[in-house]
Amino acid sequence: MSAKIADAVLMGQRIKEQRTLKGYSREKLAELADITPRFCYDIELGSKNMSLHTLCNIAAALSIPADYILFGPQSADDRYTPVTALIRTCPPDYLDHLTQIVSHFIQAVQKMEEE
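Report follows, based on the coordinates. Since the structure is predicted, the reported quantities are computational estimates derived from the model, not experimental observations.

Rules used in this analysis
Residues numbered from 1 in each chain as written. Predicted model: local features only at pLDDT ≥ 70, side-chain atom pairs only at ≥ 80, totals over all residues. Heavy atoms only, no water. Salt bridge = Lys/Arg side-chain N within 4 Å of Asp/Glu carboxyl O. Helix = DSSP H or I, 4+ residues; strand = E, 2+ residues; numbered from the N terminus. Buried < 20%, exposed > 50% of the residue type's maximum accessible area, 1.4 Å probe, protein only. Core = buried A, V, L, I, M, F, W, Y, C linked by side-chain atoms within 4.5 Å. Contact = heavy atoms within 4.5 Å.

## Things to note about the pattern of salt bridges
Applying the stated criterion across every chain, the model contains three salt bridges. The partner of Glu44 in a salt bridge is Arg19, with the nearest N and O atoms 2.5 Å apart. Here Arg19 lies in helix H1 (residues 8–22) and Glu44 lies in helix H3 (residues 37–45), a separation of 25 residues in the sequence. Both residues of the pair, Glu44 and Arg19, count as buried. Three or more residues joined by partner-sharing salt bridges are found here, namely Arg19, Arg26 and Glu44.

## What about the nonpolar core?
In terms of nonpolar packing, the biggest core is built from 18 residues, with Ile15, Ile35, Met50, Ile58 and Ile69 touching the most fellow members. If you list the elements that add at least two residues to this core, you get H1, helix H2 (26–33), H3, helix H4 (52–62) and helix H5 (66–71). Of all the elements, H4 adds the most residues to this core, at five residues. Those residues in contact with Ile15 that sit more than four places away from it in its chain are Leu29, Ile43, Glu44, Met50, Ile58, Leu62 and Ile69.

Here you go:
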């Protein structure tokens, strides 16, 4: 079995993508992960490595698994990790509304593809 290798640049891209999806500024993520905004910037660029503790803090702040940050999607279902992480942050009282929004979006996309 071959070992998986984590790429710092790709890890940084996944972190930045999820931070943006959640609407967090770099400063907000840094605060939640207990790191400096500059270190957060360096991690997103892939120019600095992080400790396991920092990786876990960032993963928790972004509501995504640490292995997704490390290795990206490993299966077809993993492609949905950023979306499911956002859904998990939706307050329970609004899940019905979110379901309707997603349903309408998918129907519109399917209709566009049929044309």
